[in-house]
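What follows is each chain in one-letter form.
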Amino acid sequence: MSVAIVGSGLAGFTAYATLRHGGLEPGEIVVFGMADDPAAAWRLRAAAIRQREMRSESDGHCLPTSFPGLAVRAAVRRRSARPLVESVLDRYHPSVDEFLSHVDELRERSGWDASLRRARIERVHAVRGGFELDGHGTFRHVLLAPGHPGLNVPEELRDDPRVVHSYAPHEYASTVTVVGAGLAAATEWLNALDAGAEVVSVRRREPVRRPLNVPRQYFSRRGLAGYHALGPEQRSALLRSLLEPSYPPGRRFDEPLARGACEGRFRVEPSVNGTEQVICATGFRRGVEHDPLLRALVEEHGLETAGHRLVLASDSTVPGLTDATRTLAVAGAPAQWAFPGADTLVGAKYAARGFLRRVQACPTP
Amino acid sequence: MSYTLRGRVDSRLAALLPVLLAAVILAAGLHRWWPIVLTALMAGVGLALDVEVYDRLLDYQPGWLAVPLGLLELALLMGIVRLAGIDAPFWPAVALFGGAWLFAQVLGHAGYPLLRLSYGDEGGELGRAGVAAAAVAGAVLVSSGGFAYAQRPPVVHLKAGVHRGPLVIARREILQGEPGAIVRGGIVVRHDDVTIRDVAVIGGENGIEIDDVHNVKLERVSVSGAKLDGIHVRRAAVQISDCSIDSLGNPYGQGIDISYTFDKEDSTVMGCTVVGGLEGIVVHFSNAMLMHNTVSRTTLHGIAMTEMSMGMVERNQVRDARGVGIFCNDHSMCMVERNVVVDTKRDDAGGDLWRAGFGVLASYSSEAELKDNALSANPRPAAAVLDSKLKLHR
């Protein structure tokens, strides 16, 4: 066995599909994880914020090739050119149900279950010619896709009994404070207004309005070439600015919020007040110190970090532990040093393709 | 898609390869160079825009933008074709561009992403395949250009002075007259792909005779003293420009006579001055464009389209014609626009009612569409007779 994926979420699943596309058989890949369903964690979070539509566009899928994307599949299924036209206009967003169906179908087709081994990997130890994974064997090429290291709740609110995280299941009280300014926060403003609540938005800064998580040029070499050329401090600073909370522009958000404001049911305040419920739409913890696997990896092997992030090569591999004989790569949110949008599906594919290139360039003897 | 500059160039050139192949086949089939020249221009215009405009202005290019950018490239391309005088027919040229554009879109959205997983991540770059595509495209264009250069007809310089005719041209060539070059006794063209430039012809049965050959151009020629026609064309498409024909006193000949070429490409007569003759410019059973010519002192018709001919008679000046200024006759269809017809004279000699000094006359089941013509000092400005129609457009 030469290839292992640590993590059975969407980033790991995307890498698996890419490796399969690259010619590896299910028996040549081991996926370590605790959930059979690669969308299990994502499904719960989407349900918690009542998300019905993806922020991503046609390319927001787990397939190895960007074509045919979800718009083409929707056009074929619905026998309508509308999804294609919307895609050309950057207006196509698959529904959450469509996305999840696609994951189920790809899971069935790819042989995912045959490669999945139910185990939590807590240590990755570099050995000669590969990596030893917690007593589960040595693998020449390993992709770490550990996912987010937990939900982030601001320090000052952790002991407040009114607090619920947006990604935890919840209903809405009659007065609700939503902390945050990203897509989850914006979705929660609408949810709470829909539920008849009076909504207070508490935010540190005005939200950025943009279609995708990061500006589009950072999804390709056009933006990435300059990004990769930056020194650690500059890159950390740029990454902070790129990852500021944002949600898409458009009437879908603007009209209900304007209506809520007119009715006196939506307002912005500088700090949490006396509402009945506080919803923290504050995303996830960030930094290797919050992830036991990555923290141990950094400490054990003396890996470089910058701004709490693991320093990676431009192809998402770990520089100190990747050479001509072995590969250690990272996918998902912890790979943002290599790809600012690493926590998106396109980002997962970026890491997966880099990993596949390494695997193909350095096959098992 | 956020293209890098190299990504734009790679994607464009790789998509152009099959188009270039099609252009080479088309050129070989048509025996014309315009498909290859057009494809080379498409590449040039596209690459120039990639470097100078698109890469600078477009960090991200949404799918819909391909349509206006395609139209921009098409407009620039056709503008260059027109300015450079490239003999590419309009609609086939547009079709070639449209096919290439569509093919590039299909490749960009589907083909490249399927063939190369990281196509989008790499901003459209194709790696070694991109370099190879550029090399092949360059090699095909350079070799085509070299071949075209080698295939150019030889240039024969006609020195100043009088040369005894008739001069018979029986091979592909460009006959380039030096200032003062005169051929006495006429020129006969008996081969395809002949250009005659800056030559004066005096005398001859016909001044210049062109019969059953292809791709003949007459540029800045002058003819005088021919026994019959100044320029006599049968079963051949010709392009005549900036000529001067003197048929004054000739009781039998026409200035320019183009006949029986309906199954050939369109003939054009542009910028010529014709004086005298029975008919100044006449086409029989032909498709022709007669534009920007000056015709005067003819004894039968100034300009005539007859015997099921079709074409444009546009921006000509016809002065002092006897009988009829512009004549559309015998099942012909004539677009008569922006001409000046003045001082047409009545011709009562034969008692023919249809020679009563018409500015424009449509006759014998013909159809003439008139627009913006200046018809003055003619006894009868315009008329349609014998089951013919005049359509007047404002």
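Along each chain, the written sequence defines residue order, and numbers are assigned to residues from 1. Chains carry letters and ligands carry numbers; both start at the beginning, A for chains and 1 for ligands, and go up in the order they are written. Given that this is a predicted model, residues contribute local features only at a pLDDT of at least 70 and side-chain atom pairs are listed and counted only at 80 or more, while totals for whole chains, interfaces and linings are drawn from all residues. As a rule here, side-chain values cover all heavy atoms of the structure and leave hydrogens and water aside.

Overview of the overall build of chain A
Note the cut-off: Numbering of helices and strands runs from the N terminus, with a helix taken as a DSSP run of H or I at least four residues long and a strand as a DSSP run of E at least two residues long. Atoms considered for the radius of gyration are the C-alpha atoms alone. The globule rule reads 2.2 Å times the number of residues to the power 0.38. Think of it in three bands: residues with accessible area under 20% of the maximum for their type are buried, residues over 50% are exposed, and the middle band is partly exposed, with areas taken using a 1.4 Å probe on protein chains only. For this analysis, residues touch if any pair of their heavy atoms sits within 4.5 Å. Counted as positive: Lys and Arg. Counted as negative: Asp and Glu, with His and the chain ends omitted from the count. Charged side chains are reduced to one point each, which is NZ for Lys, CZ for Arg, CG for Asp and CD for Glu.
The helix and strand inventory of chain A stands at twelve helices and 17 strands. Taking 2.2 N^0.38 as the reference for a compact globule, 365 residues should give roughly 21 Å; the C-alpha atoms of chain A span a radius of gyration of 21 Å, in line with that estimate. With respect to the three principal axes, the spread of C-alpha positions in chain A is 70 × 50 × 40 Å. Of all 365 residues assigned to chain A, the portion counted as buried reaches 54%. Long-range contacts, defined here as pairs at least 24 residues apart, represent 73% of the contacts in chain A between residues at least 6 apart. A gap of 5 Å separates the mean positions of the 46 positive and 42 negative side-chain charges of chain A.

With respect to the packing of helix 1 (residues 5-30) of chain B against helix 5 (residues 128-151) of chain B
All names here are of chain B. The condition that has to hold: Interaxial angles span 0 to 180 degrees and are taken between N-to-C directions of axes, which are lines fitted to C-alpha atoms, for helices over the stretch in contact. Should an angle fall under 35 degrees it is called roughly parallel, over 145 degrees roughly antiparallel, and 65 to 115 degrees roughly perpendicular, with every other angle called oblique. Here a crossing is taken to be left-handed if its near helix is turned anticlockwise relative to the far helix by less than a right angle, and right-handed if that turn runs clockwise. Nonpolar residues are Ala, Val, Leu, Ile, Met, Phe, Trp, Tyr, Cys and Pro. Charged residues are Asp, Glu, Lys and Arg, and all others, Gly as well, are polar.
Relative orientation of the contacting elements helix 1 and helix 5 amounts to 45 degrees, with a least axis distance of 8 Å. When the axes of helix 1 and helix 5 are compared, the pair comes out oblique. Like other packed secondary-structure pairs, helix 1 and helix 5 cross with a definite hand, here left-handed. On helix 5, the residues that touch Arg6, Asp10, Leu13, Ala14, Leu17, Leu20 and Val24 of helix 1 are Arg128, Gly130, Val131, Ala133, Ala134, Val136, Ala137, Val140, Leu141 and Ser144. Of the residues in the contact of helix 1 with helix 5, the class split is twelve nonpolar, two polar and three charged.

Focus on the interface of chain B and chain A
Basically, it comes down to this: Buried area counts how much accessible surface, traced with a 1.4 Å probe, disappears from two parts once they are put together, with both parts' losses summed. One side-chain nitrogen of Lys or Arg within 4 Å of one carboxyl oxygen of Asp or Glu is enough to make a salt bridge. We call two N or O atoms a polar contact when they sit within 3.5 Å, provided that within protein one can donate a hydrogen and the other can accept it, with sequence-adjacent residues counted only if both atoms are side-chain atoms.
Contact residues are listed per partner, giving 21 residues for chain B and 19 residues for chain A. Interface of chain B and chain A: buried area, both sides summed, is about 1800 Å²; carbon and sulfur atoms make up 53% of it. For the chain B face of the interface with chain A, the top three residues by lost area are B:Tyr60, B:Leu117 and B:Asp121, together amounting to 38%. The interface formed by chain B and chain A holds five salt bridges in total. Across the pair A:Arg222 and B:Asp55 runs a salt bridge whose closest N-O atoms are separated by 2.8 Å. At the junction of chain B and chain A, the tally comes to twelve residue pairs in polar contact (both at pLDDT 80 or more). A per-class count over the side of chain B that touches chain A returns nine nonpolar, seven polar and five charged.

A look at the packing of helix 7 (residues 183-194) of chain A against helix 10 (residues 251-262) of chain A
In a packed pair of helices, the relevant descriptors are the angle between the two axes and the axis-to-axis distance. Residue and element names in this part refer to chain A. It is the contact of helix 7 with helix 10, at a shortest axis distance of 10 Å, that shows an interaxial angle of 50 degrees. The orientation of helix 7 relative to helix 10 falls into the category oblique. In the crossing of helix 7 with helix 10, the sense of the turn from one axis to the other is left-handed. Along the contact surface, helix 7 presents Leu183, Ala186, Thr187, Trp189, Leu190 and Leu193, while helix 10 presents Arg252, Phe253, Pro256, Leu257 and Gly260. Taken together, the residues of the contact of helix 7 with helix 10 break down into eight nonpolar, two polar and one charged.

So, the packing of aromatic side chains
We count it as follows: Only the six-membered ring of Trp is used, alongside the rings of Phe and Tyr, when aromatic pairs are assigned; centres must lie within 6.5 Å, and planes under 30 degrees apart are stacked while those over 60 apart are edge-to-face, with the rest tilted. Both a distance and an angle decide whether a charge sits over a ring: NZ of Lys or CZ of Arg must be within 6 Å of the ring centre and within 35 degrees of the ring normal.
Taken as a whole and judged by the stated rule, the model has 15 aromatic pairs over all chains. Between the aromatic rings of B:Phe262 and B:Phe285, the centroid separation amounts to 5.1 Å while the plane-to-plane angle is 20 degrees, which identifies the pairing as stacked. Of the two residues, B:Phe262 sits in the loop between strand 15 (256-259) and strand 16 (267-270) while B:Phe285 sits in the loop between strand 18 (279-284) and strand 19 (287-291), which places them 23 residues apart along the sequence. Judged by its relative accessible area of 31%, B:Phe285 falls in the partly exposed class. An aromatic cluster of three or more residues is present, and its members are A:Trp189, A:Tyr247, A:Phe253 and A:Phe266. Sitting above the plane of the B:Tyr60 ring, A:Arg216 keeps its charged end 4.4 Å from the centroid.

Thoughts on the domain arrangement of chain A
Residues and elements named next belong to chain A. To keep things clear, this is the line we draw: Domain extents, as shown, originate in an automatic or database domain assignment.
Here chain A is partitioned into domain 1 (3-150 + 285-361) and domain 2 (155-207 + 245-280). Each of domain 1 and domain 2 was reduced to a C-alpha centroid, and the two centroids are 30 Å apart. Listed per partner, the contact involves six residues of domain 1 and 16 residues of domain 2. Looking only at domain 1, the three residues that lose the most surface to domain 2 are Ile49, Arg50 and Arg55, adding up to 62% of its buried area. Counting across the interface, domain 1 meets domain 2 through five residue pairs in polar contact (both at pLDDT 80 or more). Residues belonging to the side of domain 1 that touches domain 2 are distributed by class as follows: two nonpolar, no polar and four charged.

Things to note about the environment of B:Leu96
Residue and element names in this part refer to chain B. Relative to the helices and strands, Leu96 is located in helix 4 (residues 90-115). Considered as a pair, Leu96 and Val19 are 77 residues apart in the sequence and their alpha carbons are 8.1 Å apart. Once residues within four sequence positions are removed from consideration, Leu96 is found in contact with Val19, Trp34, Pro35, Leu38 and Thr39.

Describing unusual backbone geometry
Cis geometry is adopted by the peptide bond preceding A:Pro68, which originates at A:Phe67 and carries an omega value of -5 degrees. Note that the residue after B:Gly165, namely B:Pro166, is joined by a cis bond; omega there is -5 degrees.

Details of the side chain of A:Thr275
All names here are of chain A. Considering the arrangement of structural elements, one finds Thr275 in the loop between strand 13 (266-269) and strand 14 (277-280). Given the relative accessible area of 6%, Thr275 is considered buried. For Thr275, the side chain forms a polar contact with the main-chain oxygen of Gln277, separated by 3.2 Å. Look past the residues within four positions of Thr275 in its chain and what remains in contact with it is Arg162, Thr175, Val176, Thr177 and Val200.

Remarks on the pattern of salt bridges
For the coordinates displayed, the defined rule picks out 46 salt bridges over all chains. Of the charged contacts in the structure, one is a salt bridge between A:Arg82 and A:Glu86, with a shortest N-O distance of 3.0 Å. Taken together, the positions of A:Arg82 and A:Glu86, both in helix 4 (residues 82-88) and four residues apart, correspond to about one turn of that helix. Notably, a salt bridge pairs A:Arg216 with A:Asp90, separated by 3.7 Å at the nearest N-O pair. Remark: A:Asp90 occurs in the loop between helix 4 and helix 5 (96-110) and A:Arg216 occurs in the loop between strand 11 (208-209) and helix 8 (221-229); sequence separation between them is 126 residues. For A:Asp90, a relative accessible area of 15% translates into the label buried. Several salt bridges converge on common partners, so that one network encompasses A:Arg221, B:Arg116, B:Glu122 and B:Glu125.

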